[in-house]
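Coordinate inspection notes
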Amino acid sequence: MAAFFLNTLKKNTVFWFVKIQKKYLCALFYSSLLTNIPVEKKMSARPNTTPIESLTGKDSTQRPPDIPIPLGDVKSVSDSEKTYIIEIDHVSKWFGDKQVLDDVSLFVKKGEFVTILGPSGCGKTTLLRILSGLATATSGTVRMNGCDITEIPPHKRPTNTVFQRYALFPHLNVFENIAFGLKLKKIPSDEIERQVRRVLKIVGLTDCEERDVESLSGGQQQRVAIARAIVNQPQVLLLDEPLAALDLKMRQDMQMELKQMHKQLGITFIYVTHDQEEALTLSDTIVVMNKGRVQQIGTPVDIYNEPVNPFVADFIGDSNILNGIMVDDFKVLTMYQEFECVDKGFKPNEHVDVVIRPEDIYIMQRNDSAQINGVVQSCIFKGVHYEMTVLTEKGYELLVQDYNQFEAGTEVSLIIKPFDFHVMHKDVTINRFTGTVTDKSHVSFLGGEFECDCSDLQPGTQVAVEIDFRDVELMDYTDEGAAAGTVSFILYKGNHYQLTVTADSGEELFVNTNEQWDDGDIVGIRILPQHIVVTPTDGKE
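Structure report, in brief. (Residues numbered from 1 in each chain as written. Predicted model: local features only at pLDDT ≥ 70, side-chain atom pairs only at ≥ 80, totals over all residues. Heavy atoms only, no water.)

1. Remarks on the overall build of the protein
Per the secondary structure count, the protein includes 11 helices and 30 strands. By the burial criterion, 49% of the 541 residues in the protein qualify as buried. Here the analysis covers contacts within the protein between residues at least 6 apart in sequence; of these, 67% occur between residues at least 24 apart. Of the roughly 26,700 Å² of accessible surface on the protein, a fraction of 50% belongs to carbon and sulfur atoms. (Helix = DSSP H or I, 4+ residues; strand = E, 2+ residues; numbered from the N terminus. Buried < 20%, exposed > 50% of the residue type's maximum accessible area, 1.4 Å probe, protein only. Contact = heavy atoms within 4.5 Å. Areas by Shrake-Rupley, 256 points an atom, 1.4 Å probe, with all protein chains shown as cover.)

2. Examining the packing of helix H7 (residues 218-230) against helix H8 (residues 248-265)
Where H7 meets H8, the axes come as close as 11 Å, and the angle between the chain directions of the two elements is 20°. With respect to H8, the element H7 is oriented roughly parallel. Between H7 and H8 the crossing geometry is right-handed. Residues Gly218, Gly219, Gln222, Arg223, Ile226 and Ile230 of H7 pack against Met250, Met254, Glu257, Leu258, Met261 and Leu265 of H8. Looking at side-chain class alone, the contact of H7 with H8 contains seven nonpolar, three polar and two charged residues. (Axes fitted to C-alpha atoms, helices over the stretch in contact; angles between N-to-C directions. Parallel < 35°, antiparallel > 145°, perpendicular 65-115°, else oblique. Left-handed = near helix turned anticlockwise from the far one by under 90°. Nonpolar A, V, L, I, M, F, W, Y, C, P; charged D, E, K, R; others polar.)

3. A word on the environment of Gly383
One can find Gly383 in the loop between strand S16 (372-381) and strand S17 (386-392). Remark: the alpha-carbon pair of Gly383 and Tyr403, spanning 20 residues in sequence, is separated by 9.7 Å.

4. Some points on the pattern of salt bridges
If you walk through the whole model with that rule in mind, you get 19 salt bridges. Here Arg194 ties to Glu191 by a salt bridge, and the two come within 2.6 Å at their closest N and O atoms. Of this pair, Arg194 and Glu191 both sit in helix H6 (residues 189-203), three residues apart, which is roughly one turn of that helix. Taking the shortest distance from any N to any O, the salt bridge between Glu209 and Arg197 comes out at 2.6 Å. With a gap of 12 residues between them, Glu209 in the loop between H6 and H7 and Arg197 in helix H6 connect regions that are remote in the sequence. We classify Glu209 as buried; its relative accessible area is 14%. When its relative accessible area of 38% is taken as the criterion, Arg197 is described as partly exposed. (Salt bridge = Lys/Arg side-chain N within 4 Å of Asp/Glu carboxyl O.)

5. Examining the nonpolar core
Counting residues in each nonpolar core, the largest one holds 38 residues, and the members touching the most others are Ile178, Val196, Leu237 and Leu258. Within the residue set of this core, elements represented by two or more residues are helix H5 (174-184), H6, H7, strand S7 (236-240), H8 and strand S8 (268-273). (Core = buried A, V, L, I, M, F, W, Y, C linked by side-chain atoms within 4.5 Å.)

6. A word on the state of the cysteines
Counting across every chain of the model gives zero disulfides. In this structure Cys454 is not part of a disulfide, and its nearest cysteine sulfur, from Cys452, lies 3.1 Å away. We classify Cys454 as buried; its relative accessible area is 1%. (Disulfide = S-S within 2.5 Å.)

7. Some points on the side chain of Gln221
Checked against the element boundaries, Gln221 lands in helix H7. One polar contact links the side chain of Gln221 to the main-chain carbonyl oxygen of Leu216, over a distance of 3.4 Å. Sequence-distant contacts of Gln221, defined by excluding residues within four places in its chain, comprise Tyr166, Leu168, Val213, Glu214 and Leu216. (Polar contact = N/O pair within 3.5 Å; in protein donor to acceptor, adjacent residues only side chain to side chain.)

8. Notes on the pairing of strand S11 (residues 320-328)
In terms of strand pairing, S11 meets strand S14 (residues 350-356) through seven bridges, oriented antiparallel. Residue pairing across strands places Ile325 opposite His351, the latter belonging to S14. By the bridge criterion, three bridges tie S11 to strand S12 (residues 331-334) in an arrangement that is antiparallel. When the sheet's bridge partners are listed, Met326 is paired in S12 with Val332. Counting the residues in the hairpin turn of S11 and S12 gives two residues, including Phe330, whose phi is positive at 70°. (Pairing = 2+ DSSP bridges.)

9. Regarding unusual backbone geometry
Of note in the backbone geometry, Met335 takes a positive phi value of approximately 55° without being a glycine. Mapping Met335 onto the fold places it in the loop between S12 and strand S13 (337-340). Phi is positive for Asn349, close to 60°, though the residue is something other than glycine. For Asn349, the position within the fold is in the loop between S13 and S14.

10. Things to note about the sheet that holds strand S25 (residues 473-475)
Read across the open sheet, the five strands follow the order S25-S29-S26-S27-S28; overall the sheet is antiparallel. With partners counted over all chains shown, the strands left at the sheet margins are S25 and strand S28 (508-513), one partner each. Mean inter-strand twist for the sheet, computed between neighbouring axes without regard to direction, equals 45°. Of the strand pairs in this sheet, strand S26 (residues 483-492) and strand S29 (residues 522-526) are connected by four bridges, and their pairing is antiparallel. Looking at the pairing, Gly485 lines up with Val523 of S29.

Here you go:
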């Protein structure tokens, strides 16, 4: 029995030792990014007995600069060219045959709070990792303070990173976690105490310095992670969705605290999130990304009020996005009627997208002198306003937000003022592809072979293929179509859905349909012969 007990004790001891080692190494790796110290140096500095005592640096009088600078073969630029603290110039990134960043350029001024905003998989975290040095760009250049740091390792960059997972040392208290990087730099202990107490005050944890980090709430742990980063006085603080794990109320509180910290510290913040409200609340500048490309860069007000395309309008807040025709300057046709607007500079009768924010639509009891009449389909209380769906007499559904409640079934009238219309150029008005004639009755494009009239063309002829959005039919099963693809974006246009389908060939196909599909649905693509228009190109695209 004694032997059994000793053997069991030995196994459990090894298990907990390994578990603690893993947690330590994980936190150690992230700390190397937060303190600008190479991992190998940290490992060599790791004590055999009590970690914190051997890292005090009490006998050290040498203090390195507070703000690290790029080292190694750094290409300097003249002072006149140092307009921005960060310059990301035509950066692309591939993982195997998948491109995650496509020719991204971004320029950040000193002291700005810049938020990179986009859906999951848009490339925003990859861009942040390239900035931090955790990933390298396939092509393009990254400069900080006018110096090329594209190939500079993370610990030599003037940045610190706050991750979504806090990576705190479980065996150290709050004070020791924050002081860890300073002690590795061998800063005098009295200076360490001064700096740690300064950042504890900034993050509101002055009463928690002796507490074990695992006894803290999620919000408090995030503050410790932020404090550990800013105590090193970085020129740029990188934050990768740091509030994602917090509940709504705590997240809102932390947003205000982050904004105040930025104001106090005066350093540059680069913040990554998929939360639109968070971006609008925190940022000086928002960078909206989708599918590895920058869609728009601007202030929160500009991004919200002047989106450049339907993706931005749909992603930032709620929107009614409709098809329209710009009849003339200050006059747009949409929902089968003309409205006055403040937009100009479009071609006569140019097809456009029209954006109307729900809060900009005035709703009232039925009035025959109003612009639009309709019936309320649904009414939901949202706390500070009611959100209603109104079906107009001409068959369009509009989202309306108002402080007044109109129950479902109520006949109402709507008014939209000229300055509440936002008119955008359409990026694409018809599907266009490059194809090859395979025989007298077939053309190959989108990775499939479609039937069409090619009787006047020789096999092998390169052609331009055009298909209207309305003439594409999506099938439930891939073998029911001549090609296959995946629904990658859905936009409701008031009386129909406009889908973006990414074909297996990688090309994008736009489809207008009344059928409901889900993002990520795998579909067959069917196009009738009479709807395919081919034109010889003589090999020229």
